[in-house]
Amino acid sequence: MKMSRFRASALALVAIAVGGVIAFALPAGAAVSVQSESPSVAVVSLGAKARLDANGAVVFAPVKVACTPGGSAYLVVEVTQAVGNGIAKGEKVFTVPECTGDQQKINVAVTPDLKPYRKGVAFGSARLDVCDQTGCKSVYDERKIEIVK
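Below, the structure is looked at part by part. Since the structure is predicted, the reported quantities are computational estimates derived from the model, not experimental observations.

**Concerning the pairing of strand β4 (residues 72–83)**
- Across nine bridges, the pairing between β4 and strand β7 (residues 120–132) is antiparallel. Bridge pairing in β7 links leucine 75 to leucine 128.

**Description of the pairing of β7**
- The sheet contact formed by β7 and strand β8 (residues 135–148) spans 13 bridges and is antiparallel. Across the sheet, leucine 128 pairs through a bridge with valine 139, a residue of β8.
- Count of turn residues in the β7/β8 antiparallel hairpin: two residues.

**Structural notes on unusual backbone geometry**
- For alanine 54, which is not glycine, the phi dihedral falls at a positive 55 degrees.
- For asparagine 55, which is not glycine, the phi torsion reads 55 degrees and is therefore positive.
- Within the secondary structure, asparagine 55 sits in the loop between β2 (49–53) and β3 (58–67).

**Quick notes on the pattern of salt bridges**
- All chains considered together, the criterion is met by four salt bridges.
- A salt bridge links glutamate 78 to lysine 89; its shortest N-O distance comes to 3.8 Å. Residue glutamate 78 is located in strand β4, and its partner lysine 89 is located in strand β5 (residues 86–95); the two are separated by 11 residues in the primary sequence.
- Here glutamate 78 falls in the partly exposed class, since its relative accessible area comes to 23%.
- Notably, a salt bridge pairs aspartate 129 with arginine 127, separated by 3.0 Å at the nearest N-O pair.
- You can call aspartate 129 buried: its relative accessible area is 18%.
- Since its relative accessible area comes to 34%, arginine 127 is described here as partly exposed.

**Some points on the state of the cysteines**
- Under the counting rule described, the total for this entry stands at two disulfides.
- Indicated for the protein chain is the disulfide connectivity 1-2, 3-4, based on numbering the bonded cysteines in sequence order.

**Some thoughts on the environment of glutamine 103**
- Looking at where glutamine 103 falls in the secondary structure, it is placed in the loop between β5 and β6 (104–110).
- In this structure glutamine 103 comes out as exposed when scored by relative accessible area, which is 57%.
- Each C-alpha atom of the pair glutamine 103 and valine 44 lies 9.1 Å from the other, and the pair is 59 residues apart in sequence.

**Overview of the environment of tyrosine 140**
- Along the chain, tyrosine 140 turns up in strand β8.
- Between the alpha carbons of tyrosine 140 and valine 43 there is a distance of 8.3 Å; along the sequence they are 97 residues apart.

Basis of the calculations
- Residues numbered from 1 in each chain as written.
- Predicted model: local features only at pLDDT ≥ 70, side-chain atom pairs only at ≥ 80, totals over all residues.
- Heavy atoms only, no water.
- Pairing = 2+ DSSP bridges.
- Helix = DSSP H or I, 4+ residues; strand = E, 2+ residues; numbered from the N terminus.
- Salt bridge = Lys/Arg side-chain N within 4 Å of Asp/Glu carboxyl O.
- Buried < 20%, exposed > 50% of the residue type's maximum accessible area, 1.4 Å probe, protein only.
- Disulfide = S-S within 2.5 Å.

Following this line, the structure appears as structure tokens:
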């Protein structure tokens, strides 16, 4: 019996010692800095109207974005429109110049692959990918849009 009590006491002492060593080995502010980090900011909103230009060779789609200050952000905007018996579809990948945390308005030039865009109804989507020190986050917005002159 004395051997098993001795072993239990010894194991408890070793566990306490290991815990103490780990506690002193970690920097004092480590727990505080992890808790104080804010989550990534990623907001995207596609406008309801896109402006047609260059005889249908481009539409300018307004997009509002916000991203974590100091982070990097990539915006992907796609516009698809039924034109006659075909489809006018284009996509633009845009690097947000600077993430400030504030909302920014960006007019993204989207060019169609095969057929030109025309005035009328279309479908638009916008995806914002934001990466910062806490990781990466993606947000998405899609809607029916009106292509206007």
